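Structural overview
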Amino acid sequence: MARRRRVSFESSGPSESECASAPSRKTSPTPPVEISAPSTEPLKGKGGKRKSSGSDDDNNTKSSKRPRLQKQDDEEPSNPEHTQDPGEMHLSGVQRVVITAIRATDLTLGLRRIPAGFHVVVKADSAEYQTSNKYVNVDQTVLEWHERILLPCDPCSKVRVSVYASFESGPMVCHGERLRTFEISVGELLDRSEKSHPILFQPKQDEVVSGCTSLFMTVEQQLSDQNDAAVFCPLTILTCHDMDGLALETDGGHRLLARYRRSQNSGDLEQSIEHFERALDLCPTDHPYRPAALFNLATAKFISCQADGRYPDFDIPISLFQDALDSHATGHPDRSVTQLYLAIALLSRFAKQRFETDGDAAEELLSEVLEICHTNSHIHRAALIAIESWALHSAGRTGGNDLGQEQPATSIFPLSPNQLEQRVEWCLRRDEPGALDEVISLHYDALRYYNTGHADRGGLLCNLSVMLGTRFQRRGSDKDLDDAIALHREALALHPVGHRHRSNLLNNLANLLSSRFDQRGNDEDLDQAIALHREALPWLLVGHKDRFGLLNNLVTELSIRFRHRSNGEDLDEAIAHCREALVLCPVGHPERSGSLNNLANRLYSRFHHRDNGKDLDEAIALHREALALCPVGHTDRSMSLNNLANPLSFRFDHRGNDEDLHEAIALRREALALVPVGHTNRFGFLNNLATQLSSRFDHRDNDEDLDEAIALQREALALRPVGQTDSSMLLHNLANALSTRFRDRGKDKDLDEAIALCREALALLPVGHTNRSGSLHNLANQLSSSFEHRGNDKDLDQAIALHREALALRPAGHTHRSGSLTSLANRLSSRFQHRGNDNDLDEAIALHREALALHSVGRTDRFMSLNNLANQLSSHFDHRGNGEDLDDAIALHREALALLPVGHRNRCGVLKNLADELSTRFEHQCNKEDLDESRESLRRALTLLTQHDPRQLAVHKSLAEVYLSFHRSGIAVTGTGENTGSLNAAMYHIKAATNLISGGLLSRLRASLSWVRYASEYSHDTQLEAYATYMQLLDAYMSVTASVSSRHSAMKDFPRTLAMDAVSCALRSGDVRRAVELLEQGRTIIWTQMARLRTPLDSLQTCGDHAVALMKRFRDLSSLLDKFPASHSDGTLRVDVEAEETRYRRRVEEWNGTVEEIRKIDGFSRFLLPPLFSDLQHAGCDGPIIVLIASGLSCDAIIIPHEQPPTSIQLPTNLQKLAKLEFAFREAVPKDVGPKGNQRALMEALRELWNDVVRPVVENLSGIARRGSRIWWCPTFIFNFLPLHAAGEYRRDGESLSRHYISSYTPSLTALIKARASHDRSLSVPFVAIGQDHPAGALFTLDAVEPELELVRRLLPPSPTVSFSKITSADATKSRALCALRENTWFHLACHGTQRFDQPFESAFLMRDQPLSLLDIAQMDLSRHEFAFLSACETAVGAFSTPDEAIHLAAGLQFAGVKSVVGTLWKVDDMTVQRLVKAFYENLCGNGTMNSKRAARALHRAVQSLASDREIPLSQRIVFVHIGI
């Protein structure tokens, strides 16, 4: 008896109790602690900090020569820390003091431009020295110069040191931007050098950070003869007056530009531009410094455009940058940075003006920069940032001004505590991101000033924590939350026990920890939050104004921990605190309504935990009292309505009182009406009403309720921002509703969308999130539905993995552990039924027993565990035959059924399962009462289901099996009122299961197989109808399978001979025409579906505008479906594969709908329907078609002439003999290796083929086809692997097929008809010969390839009859071959060929670089191609796993459109090829013309000419076959 599919139950609903309800009120953080301090004058606000980038120049460039610079009057020197009076030091007997090394740190800190390098200038007495210009890498914080600089010997002599960032690698116009400058005595330099004390620098005025945080110089005292003077750093060289002026103008521009960046004073920027303009005026064309002057002016102009928002003026800096770039030859050290700035300017203009040329030019410039510059350089990093910013802008996530945007500098001096307090209060009243960031930055500055021990530090810490918590709530940055908690901990440490503000800090820190627990699910955070709230509570005595709020916060934390761990003590404590809070709110208190709600919600939770009806009733009573306190017009009425609806809904589930359900829905509707469009909480009310309607659908099966629920869920989801964590609940609830509709109506798109929504929800809940287990559980359930519907093993395996992960997150005591146990067990059971692994079944039973133990007697959901455990015990019986398992299963199902009242949605499933077990026990014990009860249970189950409920399919299948049991046992069916016999009743129900549209294609296909099996076994008169239905469903099922390789794999899951059995059935009934139609419908399904997508529709153009529109839609969809999806590697994300498969299925639905519309047009009623025999008979217009049928029932031949009736012949063989014959050929061919090879075995096999198959056909052809004419073979199953064309007696003067007829083959009648379609021919035949003698991976060379192609060229007619081209050797690549095949309608291929029987679409011709596969060929349109000669091995033999799909290279070419193909059945040697090719083309082109219809006759004659050549083995003489016209 067939294994029955049992119905398993799992807890359902909106994502495992994820429906919104009125939350307990967590009080806002305690207001910031007041701070008193002396008032100080406020300083300028802070801005963003920006790192600089570096250059790709060589690290050791030479010291540059530049004009002498003068000190800028308005720039003060930096103030380093001095440690010693230089007068304390005395240098005696020393001729020289020398700086031997300089080390600077953090040079790029705070820079806004990418420097070309850094250098140091040292002035001593009248001498000025300059070090070389060195660049730094991204990860480099220290830069050293090992250059000797001579200092005065007098320790009191002053030395002026300046550190510069330069913006030219060479030649340098000026020093650049001054980072630090200071004066120091020689004596102090020596002292610091000796003690290794670096000079430390503070940030500059108005800057948070400044470049160069420290400088250390190694100074030595040397005798004058120790070193040669030539090794000293050279003095700066004086230059002409113009150069000195150029340097002054440029330095002035840099100085003012740097000051503008600190102060944002537009006057500084304008003056900077003027300096740079004057500098450019001093640099005429061809001046060596002109590129640098252009670049500096362009930079300042670009910043000005950004600051003023004058985007049309971008043309000016872009033109200047371009001129500068044009002046730099390739390889110039400054070329890359110029390209970078030009690219950024172009992207900025593109962002506003959308000139495509700007975007293209910028991308090209940035690509060149990335290619040239080292990955560790600042320029490379800046280019990457520019590209990433551009990508974000292109995706619509940034503004057009973000690229290269300047930000204001920041301040280092804090505001006073009072001023900060005012800023905090002002900021909390507004939602201005910039203001919030500024306040936080100011607090950080203040904390650096008010260090540990300062009286005001604690208040600052508290305030900053509140601000960071606020920013976390607004933006969701985890770092803000972590920093807020850390700061609050520090603040708490500064407020010891007894401090008047400690309770506030405890409460605030607890709330922050609670928020982090909500975000990440770390139990320690929750435990600490509860401990902190408990510590704070005693300090707020009864009557304290804050005690009520703290009680509520503690209740919230305890409730969360209860939901997480199911510890009843937490819930009891929460309820106790709620009761105290309620006492603090007597009648008339404004918070009484909220307190009533909170207590009611906790009681409602305890009812779920302990199933105490008193808690549920008290919760409802409290919610009613709360609602009475919120009359119409009250702001909280909507929430109170919602809260009362929750327990009423559950009381309906618990007790089945319809009034509770109706009241709950009415309350939900009223609540929703009070929340207008645009209200922040509207999504929750929409969700709750949708959930309630879904429940009523479960109770009454009213489709309108479900559709409205889905519409409401979509509206709720649309109100939440994409990516918001709390959207996961809405995503799951919508997915559950869609899944319910899929189960009810069987629409694939509902299931696909449900899976996608669950995946999106899971992505929002990272590892550690409290709701992740529910999300894993829900996604697993949707994938399980997909597996049941489509049979994809990967869906089932992934579902099991997800359920295991969810179960691991639900330890013993977790509220939802039983649901995870049940779901995992059900999935393991499914896998056991699918694969038969005992471990899966044993684990499933153990999990169900654990789940049942968690559902005590009296719990309403106990029936699910009873049902599921019973199912597993039943499977255990099926597998091992222990009668006790079956008896226990029946007892458990009876107990489960007793818990379900009449009308319960799940009663049908339990009835069906009980019926299956009773039927099974009847088969083993023959107790008629079991069979009668089974039938009655199924009939009752059927009455509980609506017309389109997909569960009908399983019930109908079980009824069919029960009636078959009645029929087999001979027991009469009594008391049913039925007038038909048991067998007819069985066929009625299995037919009903097959035809149930909502049941899903895969389930219906499996049901049709059962129908075929039953009808065949009992020779029922629906047998032929069953076969036809099966083939129709198989075709439909294959059409929604995305890739051809997947279709091939799916074909292997179904019986190989079923189409042949259908044909045999039709022949036995005497309907030969119907047999031919079934044959064409049931074979070459993969090729047929591909051909449909290429159907010409030119005749529709004359049928009106609607027909033309349909034609266009059909072509567009066909084109999309005809592009095969790429094969996926094992590493491909499952979600990506699913998305692609979903898109494909939806396109198939659209395509099918378009086809249905086309069929409504006059003359197109049979568009793309399986062809009728009257259409198929046209295949025999040039000669009869012989279809060979190999079935387990009989082996037959059908002769199809063009105008005469078809004839069927029962052949004197059977399937077993054919299998032995095919094996004999496989054994004999390799032995026939030469003239002296063993040809006897091959001859005997050919002789048997003649006697058993071919001779009976030839004898019946005498009155249909004249001798010497053409015939076509259309073999099926094993016949596909037999050389029918070579059959004969193989004795002197013996008979053979080749003496009577010229044989060709065709994979299907439709393919032959399509090949005969005429097309316009060109005057000159385009012919290409493609040869590859040594492809990739080959171990040897095919020496005969080149001579073969040359032979073909010589034998073809000359131009203009034939336009010949040749591709060989290195040129014969896959891409060149594909191109040549498209452009030439005649071709000859000489190369290695390989046939992949495991993956036949990977069979290929081997080219120089990659194989030219059958899949590549199948995707081509070769509908105008005439002829192909395949001079390669195994090009015309298909796969044994799917023989009737004819998946081989030669058939692929014909299905792609080639009219006539010559291929090979097995391996072919060079000698045979050379001789046969010569004879073939001599016969084909003998009269100087080209006609593909002559190919079969030319091959026939060529083979005959080789018959007398005894050097050629027999196996080689018969290896070539002709396919097509």
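Reading the values: the criteria
Residues numbered from 1 in each chain as written. Predicted model: local features only at pLDDT ≥ 70, side-chain atom pairs only at ≥ 80, totals over all residues. Heavy atoms only, no water. Helix = DSSP H or I, 4+ residues; strand = E, 2+ residues; numbered from the N terminus. Buried < 20%, exposed > 50% of the residue type's maximum accessible area, 1.4 Å probe, protein only. Contact = heavy atoms within 4.5 Å. Areas by Shrake-Rupley, 256 points an atom, 1.4 Å probe, with all protein chains shown as cover. pLDDT = per-residue confidence, 0-100. Pairing = 2+ DSSP bridges. Salt bridge = Lys/Arg side-chain N within 4 Å of Asp/Glu carboxyl O. Expected span 1.5 Å × (residues − 1). Axes fitted to C-alpha atoms, helices over the stretch in contact; angles between N-to-C directions. Phe/Tyr/Trp six-rings, centres within 6.5 Å; stacked < 30°, edge-to-face > 60°. Lys NZ or Arg CZ within 6 Å of the ring centre and 35° of its normal. Polar contact = N/O pair within 3.5 Å; in protein donor to acceptor, adjacent residues only side chain to side chain. Core = buried A, V, L, I, M, F, W, Y, C linked by side-chain atoms within 4.5 Å. Parallel < 35°, antiparallel > 145°, perpendicular 65-115°, else oblique. Left-handed = near helix turned anticlockwise from the far one by under 90°.

**Examining the overall build of the chain**
Looking only at helices and strands, the chain features 54 helices and 23 strands. Out of the 1525 residues in the chain, the part that is buried amounts to 57%. Sequence-distant contacts, at least 24 apart, represent 72% of the contacts inside the chain between residues at least 6 apart. Here the chain displays about 63,400 Å² of accessible surface, and carbon together with sulfur accounts for 50% of that area.

**Focus on the confidence of the model for the chain**
Scored by pLDDT, the chain comes out at a mean of 81, with 82% of its residues at no less than 70. The least confident element of the chain, judged by mean pLDDT, is helix 37 (residues 1044-1051) at 49; the most confident is strand 14 (residues 1302-1305) at 96. Here residues 1124-1132 scores under 50 on pLDDT; set against residues more than four positions off or in separate chains, the count is 12 contacts.

**Thoughts on the pairing of strand 9 (residues 214-222)**
The side chains of a regular strand alternate between the sheet's two faces. Taken together, the nine bridges between strand 1 (residues 96-105) and strand 9 define a ladder with antiparallel strand orientation. Bridge pairing in strand 9 places Ala 104 opposite Leu 215. By the bridge criterion, two bridges tie strand 8 (residues 199-200) to strand 9 in an arrangement that is antiparallel. Its bridge partner lying in strand 9, Ile 199 is registered against Leu 215.

**Quick notes on the pattern of salt bridges**
Tallied over the full model, the rule gives 71 salt bridges. Note that Lys 301 and Glu 277 form a salt bridge whose closest N and O atoms lie 3.4 Å from each other. Of this pair, Lys 301 sits in helix 4 (residues 290-308) while Glu 277 sits in helix 3 (residues 266-281); the two residues are 24 residues apart in sequence, bridging distant segments of the chain. A residue is classified by how much of its surface remains accessible, and Glu 277, at 30% relative accessible area, is partly exposed. A salt bridge links Lys 1374 to Asp 1416; the shortest N-O distance between them is 3.1 Å.

**Observations regarding the pairing of strand 4 (residues 142-145)**
The two faces of strand 4 differ: Leu 143 and Trp 145 on one face are buried, but Val 142 and Glu 144 on the other face are not. Where strand 1 and strand 4 come together, four bridges link them in antiparallel fashion. Bridge pairing in strand 4 places Arg 103 opposite Glu 144.

**Observations regarding the sheet that holds strand 19 (residues 1404-1406)**
Across the sheet, which stays open at both edges, the three strands sit in the order 18-19-20 with antiparallel pairing between neighbours. With one partner strand each, in any of the chains shown, strand 18 (1393-1394) and strand 20 (1411-1413) form the two edges of the open sheet. Summarising the sheet, strand 19 and strand 20 pair through three bridges and their orientation is antiparallel. Residue pairing in the sheet places Ala 1404 in a bridge with Ser 1413 of strand 20.

**Digging into helix 15 (residues 547-565)**
Between its first and last C-alpha atoms helix 15 spans 27 Å; for 19 residues at 1.5 Å apiece the expected length is 27 Å, and the two agree. Of all 19 residues in helix 15, 17 are buried, a share of seventy percent or more. Directly after helix 15, the chain includes Ser 566, whose backbone phi takes a positive value near 60°.

**So, the sheet that holds strand 6 (residues 158-166)**
Two pairing modes exist for strands in a sheet, parallel and antiparallel, and in both the strands are linked by backbone hydrogen bonds. Strand order across the open sheet formed by four strands is 3-2-6-7, with antiparallel pairing between neighbours. The open sheet has two edge strands, strand 3 (127-130) and strand 7 (177-185), and neither has a second partner. Strand after strand, the sheet turns through a mean of 15° between neighbouring axes, direction not considered. Relative to strand 6, strand 2 (residues 117-124) runs antiparallel, the two being bridged by eight bridges. Paired with Val 122 across the strands is Val 161, a residue of strand 6.

**A look at the packing of aromatic side chains**
This structure, assessed with the given rule, holds 15 aromatic pairs. Ring geometry for Trp 1386 and Phe 1427: centres 5.4 Å apart, planes at 45°, overall tilted. Separated by 41 residues along the polypeptide, Trp 1386 in strand 17 (residues 1386-1390) and Phe 1427 in strand 21 (residues 1427-1431) bring together distant segments of the chain. As far as burial versus exposure is concerned, Trp 1386 and Phe 1427 are alike and both buried. For the ring pair Phe 1429 and Phe 1520, a centre distance of 5.6 Å and an interplane angle of 45° mean the geometry is tilted. Placement of Phe 1429 in strand 21 and of Phe 1520 in strand 23 (residues 1520-1524) is noted, with a sequence separation of 91 residues between them. Look at Phe 1429 and you get buried, because its relative accessible area is 0%. Sitting above the plane of the Phe 683 ring, Arg 720 keeps its charged end 4.2 Å from the centroid. In this structure, Arg 1316 packs its charged tip against the face of Trp 1272, placed 4.8 Å from the ring centre.

**With respect to the environment of Ser 640**
By the secondary structure assignment, Ser 640 is in helix 19 (residues 637-655). Residue Ser 640 is classed as buried on the basis of its relative accessible area of 0%. Separated by 44 residues in sequence, Ser 640 and Leu 596 place their C-alpha atoms 9.8 Å apart. In this structure Ser 640 touches Asn 597, His 623, Ala 626, Leu 627 and Cys 630, once residues within four positions along its chain are discounted. Engagement of the side chain of Ser 640 in a polar contact is seen with the backbone nitrogen of Leu 627, the distance being 3.2 Å.

**Some words on helix 26 (residues 793-808)**
Over its 16 residues, helix 26 extends 23 Å from the first C-alpha to the last, a length consistent with the 22 Å expected when each residue adds 1.5 Å. Buried residues of helix 26: Asp 795, Leu 796, Gln 798, Ala 799, Ile 800, Leu 802, His 803, Ala 806 and Leu 807, and no others. Capping of helix 26 at its N-terminal end is provided by Asn 792; its side-chain oxygen lies 3.0 Å from the backbone amide nitrogen of Lys 794.

**Quick look at the nonpolar core**
Ranked by size, the top nonpolar core spans 186 residues in total, and within it Leu 1188, Ile 1198, Val 1254, Trp 1273, Phe 1405, Phe 1480 and Tyr 1481 carry the most contacts. Setting aside chain neighbours within four positions, we find Val 1254 in contact with Leu 1249, Trp 1273, Leu 1284, Ala 1287 and Leu 1297. If you look at the next biggest cluster of nonpolar residues, it comprises 113 residues, including Phe 548, Leu 558, Ile 620 and Ile 710.

**With respect to the packing of helix 29 (residues 862-880) against helix 30 (residues 883-898)**
Interhelical geometry of helix 29 versus helix 30 gives an angle of 160° and a closest axis separation of 8 Å. Taken together, the axes of helix 29 and helix 30 lie roughly antiparallel to each other. By crossing handedness, the relation of helix 29 to helix 30 is classed as left-handed. Across the interface between the two elements, Arg 862, Phe 863, Leu 866, Asn 867, Leu 869, Ala 870, Asn 871, Leu 873, Ser 874, His 876 and Phe 877 from helix 29 touch Gly 883, Asp 885, Leu 886, Asp 888, Ala 889, Leu 892, His 893, Glu 895 and Ala 896 from helix 30.

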